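Structure at a glance
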Amino acid sequence: CLTSNTSFEVNIESSASTVPTITFRSNENLSNLRAKNAKEKVRKALIKNGVKESQIKFADMKALVKGPEYKKDAKENMSTYEQYQYIKIKVVAKK
């Protein structure tokens, strides 16, 4: 049961590729936004499942820009760049 543990430590790592983005002004902004959105979704999901906000501790988020150097080849090498578009979330229950 989620509520029987005393606390939950949440680690979030997000990444954007090196393909330039106009919408988010920079890949760093995109990666940071992904991390912030993930944090809020995890917080809401835990609370919805009966966890008190005081039981949730978020570790420092990692917002990265990763992948090979962009060579104006996003369409041709989409599958290469896509693997650097992610969010990793790890939740550890601590008694």
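Above this text you will find the structure in question.
Summarised in this report is the structure supplied together with it.

**Description of the packing of aromatic side chains**
One pass over the structure, following the stated rule, counts 1 aromatic pair. When the ring of Tyr70 is compared with that of Tyr81, the centres are 5.9 Å apart and the planes differ by 65°; the resulting orientation is edge-to-face. Of this pair, Tyr70 sits in the loop between strand S3 (62–65) and helix H2 (78–82) while Tyr81 sits in helix H2, placing them 11 residues apart in sequence. By relative accessible area, Tyr81 is classed as buried at 5%. Lys39 extends its terminal NZ or CZ atom over the ring of Phe58, reaching a point 5.1 Å from the ring centre. Here the basic side chain of Lys88 rests over the ring of Tyr86, its NZ or CZ set 5.2 Å away from the ring centre.

**With respect to the pattern of salt bridges**
For the structure on display, the rule yields 4 salt bridges. With its nearest N and O atoms 3.5 Å apart, the salt bridge here joins Lys94 to Glu9. Note that Lys94 is positioned in strand S4 (residues 86–94) and Glu9 in strand S1 (residues 7–16), a separation of 85 residues in sequence. For Arg43, the salt bridge identified is with Glu40, shortest N-O distance 2.6 Å.

Conventions adopted
Residues numbered from 1 in each chain as written. Predicted model: local features only at pLDDT ≥ 70, side-chain atom pairs only at ≥ 80, totals over all residues. Heavy atoms only, no water. Phe/Tyr/Trp six-rings, centres within 6.5 Å; stacked < 30°, edge-to-face > 60°. Helix = DSSP H or I, 4+ residues; strand = E, 2+ residues; numbered from the N terminus. Buried < 20%, exposed > 50% of the residue type's maximum accessible area, 1.4 Å probe, protein only. Lys NZ or Arg CZ within 6 Å of the ring centre and 35° of its normal. Salt bridge = Lys/Arg side-chain N within 4 Å of Asp/Glu carboxyl O.

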